[in-house]
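# Overview (structure and organization)
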Amino acid sequence: MITKTIFGSPMDTGAITAEIPVVQDILYYNVSVQEKEIVFTCPLGTDDIVYGLGETMGRVNKRGGRYISFNTDTAEHEESNPSLYASHNFLLVDGKEKFGVFFDTPAKVTFEIDYKNSGEIRVICHTRDLKLYQIQENSPYAIVRTLLKAIGPCYLPPLWAFGYGQSRFGYKTPKDFTDVVKGHAENRIPLDYICMDIDYMDGYRDFSVNEENFPDLKGFVQDLKDQGIRLVPIVDAGVKIQPGEAVYESGIKGGHFCRNKEGGFFQAGVWPGMTHFPDFFDENAREWFGNQYQFYTNRGIEGFWNDMNEPAIFYSEYTKGPRKLGFFLDMILGEKRKEKKKQDLIRDYQSFFHNVEGKRVRHYDVHNLFGALMTRASSEGLQRLLDHRFLLFSRSSYIGASRYGGIWTGDNTSKWEHLMLNVRHMASVNLCGFLFSGADTGGFMGNSNRELLLRWLAFSAFTPLMRNHTGCFTKNQEAYQFGDTAAFRKVISLRYRLLPYIYSEYMKAALTSDMYIKPLAFEYPGCEAIEDQLLVGGSIMIAPFVKEGTSRTVYLPEDMTMVRYDGEFHCTPAKKGKITLEAGYDEVVFFIRKGKLLPIGPEITNIRDYNVENLTLLGDGDSYALYTDDGLTRDCTMENVRYL
Ligand code: GLC
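Worth saying up front: this structure is predicted, and the values here are computed from it rather than measured.

Criteria and cut-off values
- Residues numbered from 1 in each chain as written.
- Predicted model: local features only at pLDDT ≥ 70, side-chain atom pairs only at ≥ 80, totals over all residues.
- Heavy atoms only, no water.
- Buried < 20%, exposed > 50% of the residue type's maximum accessible area, 1.4 Å probe, protein only.
- Helix = DSSP H or I, 4+ residues; strand = E, 2+ residues; numbered from the N terminus.
- Pairing = 2+ DSSP bridges.
- Axes fitted to C-alpha atoms, helices over the stretch in contact; angles between N-to-C directions.
- Phe/Tyr/Trp six-rings, centres within 6.5 Å; stacked < 30°, edge-to-face > 60°.
- Contact = heavy atoms within 4.5 Å.
- Domains from an automatic or database assignment.
- Buried area = accessible area lost by both parts, 1.4 Å probe.
- Salt bridge = Lys/Arg side-chain N within 4 Å of Asp/Glu carboxyl O.
- Polar contact = N/O pair within 3.5 Å; in protein donor to acceptor, adjacent residues only side chain to side chain.
- Near = heavy atom within 4 Å.
- Areas by Shrake-Rupley, 256 points an atom, 1.4 Å probe, with all protein chains shown as cover.
- 1 Å grid on protein atoms, 1.4 Å probe; cavity = no way out; pocket = protein on both sides within 12 Å on 5 of 7 lines; lining within 4 Å.
- Sits in = over half its atoms within 2 Å of the grid points.

## Remarks on helix α12 (residues 450–460)
Across the eleven residues of α12, nine count as buried, placing the element largely inside the fold. Restricting attention to buried positions, one finds in α12 the residues Leu452, Leu453, Leu454, Arg455, Trp456, Leu457, Ala458, Phe459 and Ser460.

As structure tokens, this is what we get:
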């Protein structure tokens, strides 16, 4: 059961689409309404588990931490970072009492969860306008399902979006892209798309292309498509200020940009230099922005990643100073600079305004919704422009944005701890509704190496978004750059052999408001402390290697089938209990749950060759519900399921 309680006059964040009954009683939490904030406290039992908060640092069990929902561009994030790129204000307590609460406000929210052993949850909503959704069910899984139903149907990507993608900040010319295609083809490593980072643009300007490098982008897109490869350009939140240029001029004419204190259009410095931010809170501006994607769809493009939409600001018309050099200077100057930057950012966020249904609203007060509304604008635009499904994922998000697109978890680092972070994130973002998600496989900052990339790929093979992405100063990170191409081919090809399962499980979960990835304890109570094993879909348990080495401990909560993939599948029964698992870097081991089946497809290197005619079934179940369609149609229903 889910109920809603309203404090003050909150804006509609669009997070929840279902009709929810309004109640006055707040169960479990004590409430204190103060001058500028509402504070909720709730005592915790010593063994209570607290799930939630989606994309945040820390463990899946959020106890012991302090987290702040305030969407922030946090390259090089570490354990101590209270905020990442997203705000997923949902907490689920699993103890004697089981309940979930979603604190629905676009304002900043601070969560202290048994912080410094306080023995309580303390949530400070830095606003007096709020919708509080309370969910009571008899298990954590049931609580999440009630939330996901209330959010509404999840985004459905096309089948090709489940293929392997390659990306790098720095690909610039057609040759950079064709080299990537060649590198994968020559080594028979599967590939389905390549992301175009900001260097494809003319002066880092959205909805433009560097004509010198790409005199015929449409032709180039088609050439690659003929080889089964799609191009996926980045789109940043800020629109470059460039008088005379059509997109800019139409934005000005329509009044589609955020206003500054003086009533003019706010100027923020990002990659292209000074930009205006579209006012995604304004329906007309959203429509205008969404329509701009026509620039790409006219050229045959069907996939996009939206970036810098917290929004990231390097400097602004109010905080020029040394921030002029932005990102690069930040990286060089370290801590002091970070502190100054934080102050400047707050000042900037307080200095521009949105038009929310005719009312002027300070950005700072609704900050956490900006990225989600960018995703909405582009998703709705693409719905109008295309007659089939498209790939769309965003860096910033808020609960509910999962109806419009997927997310990736931003600028992580090439280190083992961030592979583990990726594992934790997948559990936590799924329970906030973000099924289509993934991290920069291999790591964005710093240099990856053979072992780390192989293990990361072995984990990403199970996440809906499987994209290798790295930053501009790092070593080459494509799967064919580490000599040992056979190992990389093997690990990535596992993904393609699992596709009938991954696609089916994703589509079924999205269509029935279910989770795609779950913490182990959601099906096996008692396993709450195990965070380095996850359930993927209904049939599989994974136990990824998240540390260097070829041996790890795995706990089997029941008898299962152990599957070792080394280019072939080898199944052996595995008994309930603790086992020591040995696996070379070129192998992937996972488990099929008791009474379940796993469909395996033929070896392919591109989605073009995907077919479900000759599937092999592994495991000891009786039947499997396979979802099939043409991978593009929007008309997806559970009627597309057939039983094997
Ligand atoms: C941001 C993105 C990163 C991208 C870079 C350049 O840092 O998070 O993925 O490569 O901008 O566009």
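## Section: the sheet that holds strand β10 (residues 120–125)
Spatially, five strands are ordered β2-β3-β10-β9-β5 in an open sheet, and the strand pairing comes out antiparallel. Strands at the two margins of the open sheet, each flanked by one partner only, are β2 (30–33) and β5 (65–69). In this sheet, neighbouring strand axes are inclined to one another by 10° on average, regardless of whether the strands run parallel or antiparallel. When strand β9 (residues 109–113) meets β10, the two strands line up antiparallel, connected through five bridges. By the bridge assignment for β10, Ile113 is matched with Ile121.

## Describing the packing of aromatic side chains
Evaluated as defined, the whole model comprises 54 aromatic pairs. Ring centres of Phe40 and Phe103 lie 5.3 Å apart, and the angle between their planes is 65°; this geometry places the pair in the edge-to-face category. Of the two residues, Phe40 sits in strand β3 (residues 38–43) while Phe103 sits in strand β8 (residues 98–104), which places them 63 residues apart along the sequence. Using a relative accessible area of 0% as the deciding quantity, one classes Phe40 as buried. Measuring from centroid to centroid gives 6.3 Å for Trp305 and Phe393, while their planes differ by 20°, and the two rings are stacked.

## Thoughts on the pairing of strand β11 (residues 130–136)
With six of seven residues buried, β11 is to be regarded as a mostly interior element. Looking at chain direction, strand β1 (residues 2–7) and β11 are connected through six bridges and run antiparallel. Residue pairing in the sheet places Lys4 in a bridge with Tyr133 of β11. When β8 meets β11, the two strands line up antiparallel, connected through six bridges. The partner of Gly100 across the bridge, within β11, is Ile135.

## What to know about the sheet that holds β1
The strand order across the open sheet formed by five strands is β1-β11-β8-β7-β4, and the pairing between neighbours is antiparallel. Since the sheet does not close on itself, it has two edges, and those belong to β1 and β4 (49–52), each with one partner. Each neighbouring strand pair of the sheet contributes to a mean axis angle of 20°, computed without reference to strand direction. Of the strands in this sheet, β1, β4, β7 (90–94), β8 and β11 are in contact with helix α1 (residues 140–151), which crosses β7 at around 155°.

## Side note on the domain arrangement of the protein chain
How big an interface is tends to be stated in terms of accessible area lost as the parts join. If you check the domain split of the protein chain, you get domain 1 (2–151), domain 2 (197–408) and domain 3 (413–429 + 448–467 + 475–644). Just the C-alpha atoms count here: the centres of domain 1 and domain 3 sit 30 Å apart. Listed per partner, the contact involves 23 residues of domain 1 and 19 residues of domain 3. Here domain 1 packs against domain 3, burying approximately 1700 Å² in sum over the two surfaces, 61% of which is carbon and sulfur. For the interface between domain 1 and domain 3, the tally reads one salt bridge. Close ionic contact of Asp514 with Arg145 constitutes a salt bridge, the shortest N to O distance being 3.4 Å. Put simply, domain 1 and domain 3 have nine residue pairs in polar contact (both at pLDDT 80 or more) between them. For the side of domain 1 that touches domain 3, the secondary-structure elements that each account for two or more residues are β4, β7 and α1. Counting residues per element, the side of domain 1 that touches domain 3 draws most heavily on α1, at six residues.

## Quick look at the site of the ligand
Within the structure, the ligand sits among 13 residues, and Asp197, Asp307, Arg395, Asp411 and His469 are positioned closest to it. Here an oxygen atom of the ligand sits 2.5 Å away from a polar atom, N or O, in the side chain of Asp197. In this structure, Asp411 approaches the ligand through a side-chain N or O atom, which is 2.5 Å from an oxygen atom. Here the ligand, which alone exposes 310 Å², has 99% of that area covered by the protein. Here the ligand is seated within the largest cavity.

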